[in-house]
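# Architecture at a glance
Residues per chain are reported as follows:
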Amino acid sequence: MKVLNFGSLNIDFVYSVDHFVRSGETISSGNMEIFPGGKGLNQSVALAKSGVETWHAGAVGEDGEFLLELMRGAGVRVDLVSRLPGRTGHAIIQREPSGQNCILLFSGTNRQNTKARVDEVLDCFEKDDFLVLQNEINELPYIMEKAHGKGMRIVLNPSPMDEKIFRCPLEYVDYFLLNEVEAGDLGGRSGSDQELLSAVAQKFPRSRIVLTLGDKGSIYKDENQIIRQPACPVKVADTTAAGDTFTGFFIGGIMRGETPSEAMKNATKASAIAVSRPGAAVSIPSRNELI
Ligand code: RIB
């Protein structure tokens, strides 16, 4: 069994700032770093580091070769990543001293996938292989239809959440990984963690749902059980890719036969380590570091 992550690859430009820029304001940053990122790339690195055979599909432009090198180094197969004319997607990230961030995305080649390319990629996978998706690429509905037709298991982390997600056949999703905002939008209501989870579960009764709550931990729900996992206390350097690390280690754990409870514990440890370090993909730990 292998996992295909059809997802974004970004160049992250990270600016240290005293506070996020406000409307009409100009501020300066004394420190800028460039990191490999993108929710797709980060999740592929986390999947591979959790110990599963990971294939990434998507597209980079002429400036994106170093992203592929980073992925190869982490053990991700990048044979299915297209090289297209133009610029790779990028993210302009402001990082406050607390480690919190805000992000402006330029989609670049991430939104140049074609149906013909999706068909070619999915031909390499079969029933029971996993498919992991986020919301930074185009053609998500088509990818989900085709993958469902093949009997693949679909994992959706609908970040960054927007109205395009509701054009996807969400009833095919086997695992949702959601933060509180995403759960509220999908479930169509606000409320307590429990109310958010129940609302999503009512709409998607066959899906397994993971709700991540930052320093309040996370909750897993399926038909038979609810598991609450506290967060690990940690000194935060940079929260970028915390959720991506959690997604990769949780799904990697499930694929390797861990129980949901074990997978939640390991995903929590991995994302705690990731937030204690600067950067996105480069902050993701190896499985040995979790012990
Ligand atoms: O989830 C973090 C990622 O979101 C960053 O690496 C950035 O590229 C944006 O896609």
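Quick notes on the rules
- Residues numbered from 1 in each chain as written.
- Predicted model: local features only at pLDDT ≥ 70, side-chain atom pairs only at ≥ 80, totals over all residues.
- Heavy atoms only, no water.
- Helix = DSSP H or I, 4+ residues; strand = E, 2+ residues; numbered from the N terminus.
- Rg over C-alpha atoms; globule rule 2.2 N^0.38 Å.
- Buried < 20%, exposed > 50% of the residue type's maximum accessible area, 1.4 Å probe, protein only.
- Contact = heavy atoms within 4.5 Å.
- Areas by Shrake-Rupley, 256 points an atom, 1.4 Å probe, with all protein chains shown as cover.
- Expected span 1.5 Å × (residues − 1).
- Core = buried A, V, L, I, M, F, W, Y, C linked by side-chain atoms within 4.5 Å.
- Near = heavy atom within 4 Å.
- Polar contact = N/O pair within 3.5 Å; in protein donor to acceptor, adjacent residues only side chain to side chain.
- 1 Å grid on protein atoms, 1.4 Å probe; cavity = no way out; pocket = protein on both sides within 12 Å on 5 of 7 lines; lining within 4 Å.
- Sits in = over half its atoms within 2 Å of the grid points.
- Nonpolar A, V, L, I, M, F, W, Y, C, P; charged D, E, K, R; others polar.
- Pairing = 2+ DSSP bridges.
- Axes fitted to C-alpha atoms, helices over the stretch in contact; angles between N-to-C directions.

### So, the overall build of the chain
Per the secondary structure count, the chain includes eight helices and 13 strands. Taking 19 Å as the expected radius of gyration for a compact globule of 291 residues, we find that the chain reaches 18 Å, a close match to that expectation. Here the chain, with 291 residues, has 54% of them falling under the buried criterion. Long-range contacts, defined as pairs at least 24 residues apart, comprise 65% of the intrachain contacts of the chain with a sequence gap of at least 6. Total accessible area on the chain stands at roughly 12400 Å², and carbon and sulfur atoms take up 50% of it.

### Focus on helix α7 (residues 242-255)
Side chains of residues three or four places apart in an α-helix project in the same direction, reflecting 3.6 residues per turn. Between the first and last C-alpha of α7 there are 20 Å, a value that for 14 residues agrees with the 20 Å anticipated at 1.5 Å per step. Of all 14 residues that make up α7, 13 are buried, and the element is covered over most of its length. Two residues or fewer after α7 comes G257, characterised by a positive phi angle close to 95°.

### With respect to the nonpolar core
Counting 40 residues, the largest nonpolar core has L9, F130, F250 and I251 as the members making the most contacts within it. Looking at this core, the elements with two or more residues in it are β2 (10-16), α1 (39-49), α2 (65-74), β5 (77-83), β8 (130-133), β10 (173-178), α7 and α8 (260-275). At six residues, the largest contribution of residues to this core is made by α7. For F250, the residues in contact, after removing those within four places along its chain, are Y175, L177, V210, Y220, P260, A263, M264 and A267. Counting 38 residues, the second-largest nonpolar core is a separate cluster that includes F6, L122, I137 and I209.

### So, the site of the ligand
Close to the ligand lie 14 residues; D12, G38, K39, E136 and D244 are nearest. Interatomic distance of 3.0 Å between a side-chain N/O atom of N10 and an oxygen atom of the ligand. The contact in question runs from an oxygen atom of the ligand to an N or O atom on the backbone of G38, over 2.9 Å. Starting from 280 Å² of accessible surface for the ligand in isolation, the protein chains cover 96%. Because more than half of its atoms lie within 2 Å of the grid, the ligand is assigned to the largest pocket. Those elements that provide at least two residues to the shell around the ligand are β2, α1 and β7 (101-106). Of the residues that constitute the shell around the ligand, the class distribution is five nonpolar, five polar and four charged.

### Here we look at the side chain of T245
By the secondary structure assignment, T245 is in helix α7. Of the polar contacts made by the side chain of T245, one reaches the backbone oxygen of A241; its length is 2.7 Å. Each residue touching T245, except ones within four places of it in the same chain, is listed here: A46, A270, S271, A274, I284 and P285.

### What to know about the sheet that holds β2
Strands sit in the order β3-β2-β6-β7 across an open sheet of four strands; the sheet is mixed. Bordering the open sheet on either side are β3 (31-37) and β7, each of which pairs with just one other strand. Looking at each pair of strands side by side, their axes are set apart by 20° on average, direction ignored. Summarising the sheet, β2 and β3 pair through seven bridges and their orientation is antiparallel. Residue F13 lies in a different strand from β3, and its bridge partner there is I34.

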